[in-house]
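# Secondary and tertiary structure notes
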Amino acid sequence: MEEGKMKNTITRSFELQDYRIEGTELSGFWADLTSKEELIVEVNYVPIKKKVFSTAEIEKLVMGIRNKCSSFEAQLPENIKCEVTFKNVGDKIYKTSQSDFELETRELEEVQVAYRFYVEYYI
């Protein structure tokens with residue numbers, strides 16, 4: 001996305017490779033610009049060369065996804081925010097402003113998330 005000045009619209013997304021996380025493959029990727037103020041990017045992560053993520057791998061992946069969202073937000077104009085919905089882990093939503101985010105983890109074949117970029121306030 002464009003850096004620098006504040007914006008009231010979202011004009012482009014990060015690229016597919018920006019969503020990659022070490023130890024995973026992407027099994028699905030969809031981007032939907034729902035309005036000029038909101039972009040939702042759905043990503044499905046699967047483990048490389050095995051069937052399921054262990055609980056420990058899920059915890060590491062969740063941290064990686066949270067860090068990715070924070071990294072995206074740091075590259076955006078300050079009024080555009082990022083949050084992540086963990087779709088197959090109870091639809092829990094992580095906002096970058098949260099310090100106490102907790103997720104009940106279990107073994108999973110796939111982690112489905114939706115990154116949501118949105119204009120938080122207008123300038």
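It should be noted that the structure appears before, not after, this text.
Presented here is a report on the structure given in the accompanying data block. Computed from a predicted model, the values in this text were never measured in an experiment.

## Some thoughts on the overall build of the chain
Scanning the chain for helices and strands turns up one helix and five strands. Along the chain, helices and strands appear, N-terminal first, in the series β-β-α-β-β-β. For the chain, whose C-alpha radius of gyration is 15 Å, the value lies close to the compact-globule estimate of 14 Å for 123 residues. With the principal axes as the frame, the chain shows a C-alpha extent of 45 × 30 × 20 Å. Buried residues in the chain amount to 39% of all 123 residues. By sequence separation, contacts in the chain at least 24 residues apart represent 65% of the contacts at least 6 residues apart. Taken as a whole, the chain presents about 7200 Å² of accessible surface, with 46% of it coming from carbon and sulfur. Each charge class in the chain was averaged separately, 17 positive and 23 negative side chains, and the resulting centres sit 3 Å apart.

## Examining the side chain of Thr85
Tracing the sequence through the fold places Thr85 in strand β3 (residues 80-86). What Thr85 contacts, discounting residues up to four positions off in sequence, is Asp91, Lys92, Ile93, Gln112, Val113 and Ala114.

## Things to note about helix α1 (residues 55-75)
For α1, with 21 residues, the first-to-last C-alpha span of 31 Å sits near the 30 Å given by 1.5 Å per residue. Those residues of α1 not exposed but buried are Ile58, Leu61, Val62, Ile65, Arg66, Lys68, Cys69, Phe72 and Glu73. Seen along its axis, α1 keeps its buried residues to an arc of 155°; they face one direction. Facing away from the buried side of α1, by more than 90 degrees, are the exposed residues Ala56, Lys60 and Ala74.

## A few points about the side chain of Glu83
Looking at where Glu83 falls in the secondary structure, it is placed in strand β3. Since its relative accessible area comes to 5%, Glu83 is described here as buried. Excluding its chain neighbours within four sequence positions, the residues that come into contact with Glu83 are Cys69, Ile93, Tyr94, Lys95, Ala114, Tyr115, Arg116 and Tyr118.

## Concerning the pattern of salt bridges
In the structure shown here, the tally under the stated rule is six salt bridges. As a salt-bridge pair, Arg116 and Glu38 come within 2.4 Å of each other at their nearest N and O atoms. Taken together, the residues Arg116 in strand β5 (residues 111-119) and Glu38 in strand β2 (residues 38-47) connect sequence positions 78 residues apart. On the basis of relative accessibility, which here comes to 24%, the residue Arg116 falls in the partly exposed class. When the shortest N-O distance is used, the salt bridge between Glu83 and Arg116 registers 3.1 Å. Here Glu83 is found in strand β3, whereas its partner Arg116 is found in strand β5, with 33 residues between them in sequence.

## Observations concerning the layout of surface pockets
Of the voids in this model, the largest pocket is the one considered here, and its volume is about 200 Å³. Lining the largest pocket are Ile21, Glu22, Gly23, Thr24, Pro47, Ile48, Lys50, Phe53, Glu57, Lys60 and Leu61. Ranked by residues supplied to the lining of the largest pocket, first place goes to α1 with three residues. When the residues that make up the lining of the largest pocket are grouped by side-chain class, the tally is five nonpolar, two polar and four charged.

Cut-offs applied
Residues numbered from 1 in each chain as written. Predicted model: local features only at pLDDT ≥ 70, side-chain atom pairs only at ≥ 80, totals over all residues. Heavy atoms only, no water. Helix = DSSP H or I, 4+ residues; strand = E, 2+ residues; numbered from the N terminus. Rg over C-alpha atoms; globule rule 2.2 N^0.38 Å. Buried < 20%, exposed > 50% of the residue type's maximum accessible area, 1.4 Å probe, protein only. Contact = heavy atoms within 4.5 Å. Areas by Shrake-Rupley, 256 points an atom, 1.4 Å probe, with all protein chains shown as cover. Lys, Arg positive; Asp, Glu negative; His and termini not counted. Charge placed at Lys NZ, Arg CZ, Asp CG, Glu CD. Expected span 1.5 Å × (residues − 1). Arc of directions from axis to C-beta. Salt bridge = Lys/Arg side-chain N within 4 Å of Asp/Glu carboxyl O. 1 Å grid on protein atoms, 1.4 Å probe; cavity = no way out; pocket = protein on both sides within 12 Å on 5 of 7 lines; lining within 4 Å. Points joined across faces, edges and corners; volume = space filled by probe spheres on them. Nonpolar A, V, L, I, M, F, W, Y, C, P; charged D, E, K, R; others polar.

Nothing here speaks to function; it is all geometry.
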